[in-house]
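Inside the fold
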Amino acid sequence: MNEDSQDSTTVNSEDSREYLTFTLGDEEYGIDILNVQEIRGYDTVTKIANSPHFIKGVINMRGVIVPIIDMRLKFELGEVEYNQFTVVIILNITGRVVGMVVDGVSDVIALHQDQIRPAPEFGAVLDTAYIDGLATLEERMVIMVNIERLMNSEEMGLVDQARASAE
């Protein structure tokens, strides 16, 4: 996806943003579209020894070594068999390129800030540090993930280590 291209349906309001929605199991998640570089099918990865369980490995994407994170494992949703719908969303987070494996991509939605409700506190059961809130669209509930906060967390340092060891 090219950030420079303008779509006639893009909402240019200060308080609205576009989000890419994706699925993990029965749940739907949303991330800021500005962090998405491209979407591609899942391909084999090169495994990295001693990496965290949620890092599937790395791929060489046009000369760039890209760590691939399985979001099901990261969010402790259990493993799933990859199929024709499994995709990798390539993200650009503050100059770092990272891929995340998801069950499927839904669509792009535009949301105003007032459509996103704060996430309820779950205590120790669920870490809500990476959740910006919940958005309701007709019959759908979308969990809004702050992908920059997630990828820049302590685990991102481990991703950097995995990338360095692959070079």
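Here, every reference points to the structure presented above.
Since this is a predicted model, take the numbers as computed values, not measurements.

1. Some words on the sheet that holds strand 6 (residues 87–93)
Strand order in this open sheet of 5 strands is 3-6-7-5-4, and the pairing throughout is mixed. Two strands bound the open sheet, and with one partner strand each, they are strand 3 (36–41) and strand 4 (55–61). Ignoring which end each strand starts from, the neighbouring axes of this sheet average 25° apart. Where strand 3 meets strand 6, 5 bridges bridge the pair, whose relative direction is antiparallel. In the strand pairing of strand 6, G41 is matched with V87.

2. Comments concerning the environment of P52
Along the polypeptide, P52 turns up in the loop between strand 3 and strand 4. Residues P52 and I69, spaced 17 residues apart in sequence, show a C-alpha to C-alpha distance of 9.5 Å.

3. Quick look at the pattern of salt bridges
Considering all chains together, one arrives at 7 salt bridges under this definition. E38 is the partner of R62 in a salt bridge, and the nearest nitrogen-oxygen pair spans 2.5 Å. One end of the pair, R62, is in the loop between strand 4 and strand 5 (64–70); the other, E38, is in strand 3, with 24 residues separating them in the sequence. Note that D132 is salt-bridged to R149, the shortest N-O span being 3.7 Å. Of this pair, D132 sits in strand 10 (residues 131–137) while R149 sits in helix 2 (residues 147–151), placing them 17 residues apart in sequence. With relative accessibility at 41%, the residue D132 sits in the partly exposed group. By relative accessible area, R149 is classed as partly exposed at 39%. By sharing partners, the salt bridges in this structure join E28, D107 and R140 into a single network.

About the cut-offs
Residues numbered from 1 in each chain as written. Predicted model: local features only at pLDDT ≥ 70, side-chain atom pairs only at ≥ 80, totals over all residues. Heavy atoms only, no water. Pairing = 2+ DSSP bridges. Helix = DSSP H or I, 4+ residues; strand = E, 2+ residues; numbered from the N terminus. Axes fitted to C-alpha atoms, helices over the stretch in contact; angles between N-to-C directions. Salt bridge = Lys/Arg side-chain N within 4 Å of Asp/Glu carboxyl O. Buried < 20%, exposed > 50% of the residue type's maximum accessible area, 1.4 Å probe, protein only.

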